Amino acid sequence: MTARIIDGKTIAAELRGRVADAAHRLARDRTLVPGLAVVLVGNNPASEVYVGSKTKATVGSGMRSFDHRLPANVSEADLLTLVGRLNRDPVVHGILVQLPLPAHIDSQKVLAAIDPAKDVDGFHPVNLGRLAAGLPALAPCTPLGCVILAKTVRPSLEGLEAVIIGRSNIVGKPLALLLLGENATVTVAHSRTEDLPEVCRRADLVFAAVGRPEFVRKGWIKPGATVIDVGITRVPGAGGKSKLLGDVAFAEASEVAGAITPVPGGVGPMTISCLLANTVRAACMQAGLPTPDFSRLSPDESMRD
Ligand code: GUN
């Protein structure tokens with residue numbers, strides 16, 4: 001068997017189109033233009049690239065973008081003051097403080113200062129708690145993207161065995177909660193899990209989020225399983241160039257899996273689209289309007305199992 005490739009770029013573009021349609025309708029019918037504030041501290045080159053892409057995508061989807069750039073030596077107090085101001089600003093519906101922050105700033109304190117209603121990253125403990133309680137919440141973008149990608153292959157995840165490798169607060173734990181919400185049977189495996197290959201072989205859905213390049217091997221994959229690779233690690237490649245690798249040994253896993261995401265071009269492109277989706281949802285929630293559900297994209301007919 002050769003796995004079908006789950007094309008994250010195309011699926012992310014479809015999601016972005018639906019989010020832009022929703023944003024345009026809000027502007028036309030409700031004079032509500034969703035606004036996203038992005039706060040960047042310092043000039044980490046990778047963060048500059050992320051923030052640039054987020055701004056472009058936000059404006060391109062008919063929303064407002066407010067960029068706040070602060071020097072690397074900004075005090076924690078000044079950053080908290082800015083977050084407080086954005087919390088109170090009625091034209092700002094979503095706030096994203098780009099991570100990592102400089103070492104002298106307590107990231108958890110800053111993230112916890114964001115109004116949970118504007119927490120489009122879904123990193124606030126209140127949103128994680130709401131997700132755990134099955135209440136409406138803003139969920140983190142990468143896990144949301146993973147679930148949407150899985151559902152393009154398996155429109156219903158109900159009753160399926162899902163194994164997540166990795167238990168981070170940003171991916172593994174919220175992903176487990178989202179999958180439980182879809183009625184999957186969820187196992188969260190991690191570095192201390194005994195016989196990880198055997199645990200993984202049970203899975204109809206494998207989500208690899210450990211940050212170790214090519215960690216998941218062919219023999220770990222149940223034939224026909226759907227494999228979603230969250231990892232992205234830059235490693236030295238041929239001719240002095242670098243290349244990006246996922247957490248799954250893609251070529252060999254593709255021989256057994258039913259469907260698999262590539263790296264790059266899988267989960268990565270979904271993250272910004274989910275951020276835009278969360279911004280529209282946050283704007284609707286703040287305005288007391290029904291919140292659109294962007295998680296159900298048209299399933300790819302060619303990819304039905
Ligand atoms: N840095 C890298 N990815 C992210 C993200 O999704 N959100 C934030 N806030 N910072 C990041």
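It should be noted that the structure appears before, not after, this text.
What you see is a predicted model, and the numbers here were worked out from it, not measured in a lab. (Residues numbered from 1 in each chain as written. Predicted model: local features only at pLDDT ≥ 70, side-chain atom pairs only at ≥ 80, totals over all residues. Heavy atoms only, no water.)

(A) Quick look at the site of the ligand. By nearness alone, every residue bordering the ligand is listed as Y50, L96, V97, Q98, L99, D121 and F123. Between the ligand and Q98 there is a distance of 3.0 Å, counted from a nitrogen atom to a side-chain nitrogen or oxygen. Between the ligand and D121 there is a distance of 2.6 Å, counted from a nitrogen atom to a side-chain nitrogen or oxygen. Burial of the ligand by the surrounding chains reaches 78%, relative to a free accessible area of 280 Å². The class makeup of the residues in the shell around the ligand is five nonpolar, one polar and one charged. (Near = heavy atom within 4 Å. Polar contact = N/O pair within 3.5 Å; in protein donor to acceptor, adjacent residues only side chain to side chain. Areas by Shrake-Rupley, 256 points an atom, 1.4 Å probe, with all protein chains shown as cover. Nonpolar A, V, L, I, M, F, W, Y, C, P; charged D, E, K, R; others polar.)

(B) How the structure looks around the pattern of salt bridges. Per the stated rule, a full pass over the model turns up eight salt bridges. A salt bridge links E198 to R201; the nearest nitrogen and oxygen atoms lie 2.8 Å apart. You can see E198 and its partner R201 sitting in helix α8 (residues 196-201), three residues apart, about one turn around the helix. For E198, a relative accessible area of 40% corresponds to the partly exposed category. (Salt bridge = Lys/Arg side-chain N within 4 Å of Asp/Glu carboxyl O. Helix = DSSP H or I, 4+ residues; strand = E, 2+ residues; numbered from the N terminus. Buried < 20%, exposed > 50% of the residue type's maximum accessible area, 1.4 Å probe, protein only.)

(C) Representation of the nonpolar core within the structure. Counting 58 residues, the largest nonpolar core has V19, L179, F207, I228 and V280 as the members making the most contacts within it. Taken together, the elements giving at least two residues each to this core come down to α1 (8-30), β2 (35-41), α2 (45-60), α6 (141-153), β5 (161-165), α7 (172-181), β7 (205-208) and α10 (268-287). Among the elements that take part in this core, α10 stands out by supplying 10 residues, more than any other. What F207 contacts, discounting residues up to four positions off in sequence, is C146, A150, A162, V163, I164, I165, L175, L179 and I228. Membership of the second largest hydrophobic core comes to 20 residues, among which are C200, A203, A225 and V256. (Core = buried A, V, L, I, M, F, W, Y, C linked by side-chain atoms within 4.5 Å. Contact = heavy atoms within 4.5 Å.)

(D) Spotlight on the pairing of strand β8 (residues 226-229). Going residue by residue along β8, you find T226 and I228 tucked away on one face and V227 and D229 tucked away on the opposite face as well. Sheet analysis places β7 next to β8, joined by four bridges and oriented parallel. Looking across to β8, one finds that V206 is bridged to V227. With two bridges joining them, β8 and strand β11 (residues 259-260) adopt parallel strand pairing. Directly across from V227, in β11, lies its bridge partner I260. (Pairing = 2+ DSSP bridges.)

(E) Up close: α7. When we look at burial in α7, the residues that qualify are G172, P174, L175, A176, L178 and L179. Of the surrounding elements, those touching the buried residues of α7 are α5 (125-132), α6, β5, β6 (185-189) and β7. Just downstream of α7 lies N183, where phi reads positive at about 65 degrees.

(F) Structural context of the sheet that holds β6. Taking strand neighbours across the sheet as the criterion, the six strands line up as β1-β11-β8-β7-β5-β6 in an open arrangement whose pairing is parallel. With one partner strand each, in any of the chains shown, β1 (4-5) and β6 form the two edges of the open sheet. Across the sheet, α7 lies against β5, β6 and β7, angled at about 170 degrees from β5, the strand it touches most. (Axes fitted to C-alpha atoms, helices over the stretch in contact; angles between N-to-C directions.)

(G) Local environment of the environment of G231. Tracing the backbone through its elements, the reader meets G231 in the loop between β8 and β9 (233-236). On the accessibility criterion, G231 (7% relative accessible area) is buried. For the pair G231 and F215, spaced 16 residues apart in sequence, the C-alpha to C-alpha distance is 9.7 Å.

(H) Inspection of unusual backbone geometry at higher detail. Residue P100 follows L99 across a cis peptide bond; omega there is 0 degrees. Of note, P100 is situated in the loop between β4 (94-97) and α4 (107-113). Residue P264 follows V263 across a cis peptide bond; omega there is -5 degrees. Its location among the elements puts P264 in the loop between β11 and α10. Here T31, not a glycine, exhibits a phi torsion of approximately 45 degrees, which is positive. Within the secondary structure layout, T31 lies in the loop between α1 and β2.

(I) Representation of the environment of Q98 in the model. Considering the arrangement of structural elements, one finds Q98 in the loop between β4 and α4. Along the primary structure Q98 and D121 are separated by 23 residues, whereas in three dimensions their C-alpha atoms are 9.5 Å apart. Discounting residues that sit within four places of it in the chain, Q98 has contacts with V39, L40, S47, Y50, V51 and K54. Separated by 2.6 Å, the side chains of Q98 and K54 make a polar contact.

(J) A look at the sheet that holds β4. Here we have three strands laid out as an open sheet, ordered β3-β2-β4, and parallel in their pairing. The sheet is open, and its two edges are formed by β3 (64-70) and β4, each paired on a single side. Here the strands of the sheet are splayed against their neighbours by 15 degrees on average, with no regard to which way each runs. Looking at chain direction, β2 and β3 are connected through seven bridges and run parallel.

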